[in-house]
Amino acid sequence: MTQTQNYQTGHALVIAIAEYDRVNPLPKAVLNDANDLVSVLTARDGCRFSPDNVLKLINEQATRNAILEGLRDLAVRATTEDTVCIYFTGHGALIDEYDDAVESVLVPADCDLDHLLATSISSAELSAALDAIPAKRLVVFIDACHAAGAAALKLAGKQAIVKLGYAEKSLDRLADGKGRTLMASSRTDETSLIMHGDRNSAFTSVLLEGLKGGADQRGDGEIRVFDLFDYISKGVPSRTKDKQHPVFKAARLEQNFCVAVYHGGSKQAIQSSAPRTGTDITSELNALMSEFYPGGPADQEIWVRSGGDMAALRLQGSGRAQWFAAIRVLMLGGGGRSISPGSLIETALADFANNESLLDLRHRI
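Residues numbered from 1 in each chain as written. Predicted model: local features only at pLDDT ≥ 70, side-chain atom pairs only at ≥ 80, totals over all residues. Heavy atoms only, no water.

The next thing to look at is the overall build of the protein chain. Helix and strand counts for the protein chain stand at 12 helices and 13 strands. Expressed as a percentage of its 365 residues, the buried residues of the protein chain come to 55%. Once local pairs closer than 6 in sequence are excluded, the contacts in the protein chain between residues at least 24 apart make up 73%. Total accessible area computed for the protein chain in this model is approximately 15500 Å², and 49% of it derives from carbon and sulfur atoms. (Helix = DSSP H or I, 4+ residues; strand = E, 2+ residues; numbered from the N terminus. Buried < 20%, exposed > 50% of the residue type's maximum accessible area, 1.4 Å probe, protein only. Contact = heavy atoms within 4.5 Å. Areas by Shrake-Rupley, 256 points an atom, 1.4 Å probe, with all protein chains shown as cover.)

Put into C-alpha cells, the structure is as follows:
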C-alpha cells in the first residue's frame, strides 16, 4: 500500500474495560471511547492507520496476559522509525505496598483485588514494556480515574481498601524514555468526567476532535504531539467547566513529532468546543523559544529577565518540554507577576534584535 492509502508507520494498542470480573463496572461510554478512537485511527477520511497495525482489547479481552502480549507484539512489530500510540481507559488504582511507597497500577478485566499486585499491571512493569518498544515516537494515553467509578474499588459486595487514581510518580516513570510522551486525562487530585448526555468522556471527546484535524495547527494535515496536547489542554477544561485538567509528561522529548496524519495530509479540521484563540501564537512562541534558548526557560535567564518567576514553573525533561509547559502556564496568566508573551518576546529581541520571526510575532500579539 502507498503512503496515501495508509499511515504505514502508525501502530496502536487500544484498551477499554467497563465490565470487570470482580470489580465495579464503568459506564458504557468507556467502550465508546475505544471504539471511536479505533474508527478515527483507521478511517480513510481519518488518520489512515492500517487496521492490521491496530489492536483493540475490549472488556473480557483485556486480561493482564492479553495486555502484556499486546505490548510485546508492539515491541516486535514496530521499528525505530514508527509511531506507536497506546490508549488505556478503565480503572487505575493506588496502592501503598509497592516498594514501600504509593504506586499505581492499571486494573485488567481479570484483576483480583485479593491479589492486586499479582493480577494488575504496575507502572514499573508497564514502563519496562514500553522500554522494549523500539519506536522513537511513542505516545501513551491514560484515562484511568473515572468519576463514575466510585471513590474506591469494590469486591464481592464490600468496600476494598484500594483507592482509585494514578500517582504523579507513576506518570513520571511512564514518560521517562527517549521520544516517549504521556497524556493523562486529569490531574492526580481530579477525576475523569463524562458529561451528561455525551457519547465519550471529556478527555477522549477532545482527543478525537484533535485527531480529526482540530490539532493540525499548521494546516499541513499532520497532528503533532505538542500541538495535540495544546489542543487537549484547552478543550477539556472548557468542556468540563474547568473541573478537569489533562496532564502532559515528556522527560526526554526534543521534537514536536507527528502522531498521525489526518485525511491523507490535507487539513480537514472540524468545528470544536476547544477554544482556538492564541493557538498560532502559542505554537510559534514555543518553537522560537526552543530554538533560541534550547536549555529551557532558565537558559540565559530569559524567563527571569522577562519578568517571570522560575518558582512559579514546574519544569522537567528536555528544554523543549520545559518551554511547552512554561508557555502553557504563561498563556493562562501565570509564570510570575510581570511576565507576559509580550515581555518574553521583547527580551528575546534584545538578544536577537533583527530576527524577523520575533519581529513579526511582536506585531501580532
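At a closest axis distance of 9 Å, the pairing of helix H2 (residues 64-77) and helix H4 (residues 123-131) adopts a crossing angle of 30 degrees. Taken together, the axes of H2 and H4 lie roughly parallel to each other. For the pair formed by H2 and H4, the contact residues are Arg64, Leu68 and Leu71 on the first element and Glu125, Leu126, Ala129 and Leu130 on the second. Looking at side-chain class alone, the contact of H2 with H4 contains 5 nonpolar, no polar and 2 charged residues. (Axes fitted to C-alpha atoms, helices over the stretch in contact; angles between N-to-C directions. Parallel < 35°, antiparallel > 145°, perpendicular 65-115°, else oblique. Nonpolar A, V, L, I, M, F, W, Y, C, P; charged D, E, K, R; others polar.)

Next up on the list: H4. Along H4, the residues classified as buried are Ser123, Leu126, Ser127, Ala129 and Leu130. In an axial view of H4, the angular spread of the buried residues amounts to 160 degrees, which keeps them on one side of the axis. (Arc of directions from axis to C-beta.)

Take the pattern of salt bridges next. Applying the stated criterion across every chain yields a total of 15 salt bridges. Glu222 is the salt-bridge partner of Arg224, the closest N and O atoms lying 3.1 Å from each other. (Salt bridge = Lys/Arg side-chain N within 4 Å of Asp/Glu carboxyl O.)

Attention now goes to the environment of Ser343. Residue position: Ser343 is located in helix H11 (residues 341-351). Its relative accessible area of 18% is what places Ser343 among the buried residues. In the structure, Ser343 is positioned 37 residues away from Ser306 in sequence and 5.4 Å away in space, judged by C-alpha atoms. Once residues lying within four places of it in the same chain are set aside, the contact partners of Ser343 are Ser306 and Ser338. Within the local environment of Ser343, its side chain forms a polar contact with the backbone nitrogen of Ser340, the two atoms lying 2.9 Å apart. (Polar contact = N/O pair within 3.5 Å; in protein donor to acceptor, adjacent residues only side chain to side chain.)

What follows is about the sheet that holds strand E1 (residues 10-16). Taken in spatial order, the 6 strands make up an open sheet running E2-E1-E3-E7-E10-E12, and their pairing is mixed. Two strands in the sheet have a free side with no partner beyond their single neighbour: strand E2 (54-58) and strand E12 (247-249). Across the sheet, the axes of successive neighbouring strands diverge by a mean angle of 10 degrees, strand direction being ignored. The pairing of E1 with strand E3 (residues 83-89) spans 7 bridges and is parallel. What sits directly across from Leu13, in E3, is Ile86. (Pairing = 2+ DSSP bridges.)

The side chains of a regular strand alternate between the sheet's two faces. Taking burial as the measure, the 7 residues of E1 include 7 buried ones, the bulk of the element. By the alternation rule, side chains of E1 split into Gly10, Ala12, Val14 and Ala16 and His11, Leu13 and Ile15, which are all buried. What joins E1 to E2 is helix H1 (residues 29-42), and the crossover it makes is right-handed. (Right-handed = clockwise from strand over helix to strand, strands pointing away.)

Take the confidence of the model for the protein chain next. Chain-level statistics for the protein chain give a pLDDT mean of 82 and a share of 84% at 70 or above. Within the model, pLDDT remains below 50 along residues 264-278, and this stretch shows 33 contacts once partners closer than five positions in the same chain are excluded. (pLDDT = per-residue confidence, 0-100.)

Moving on, we get to the pairing of E2. Note that E1 and E2 share 5 bridges and pair parallel. The residue of E2 that forms the bridge with Ile15 is Leu57.

Another point: the environment of Tyr231. Within the fold, Tyr231 resides in helix H7 (residues 225-239). In this structure, the C-alpha to C-alpha distance between Tyr231 and Leu207, residues 24 residues apart in sequence, is 8.2 Å.

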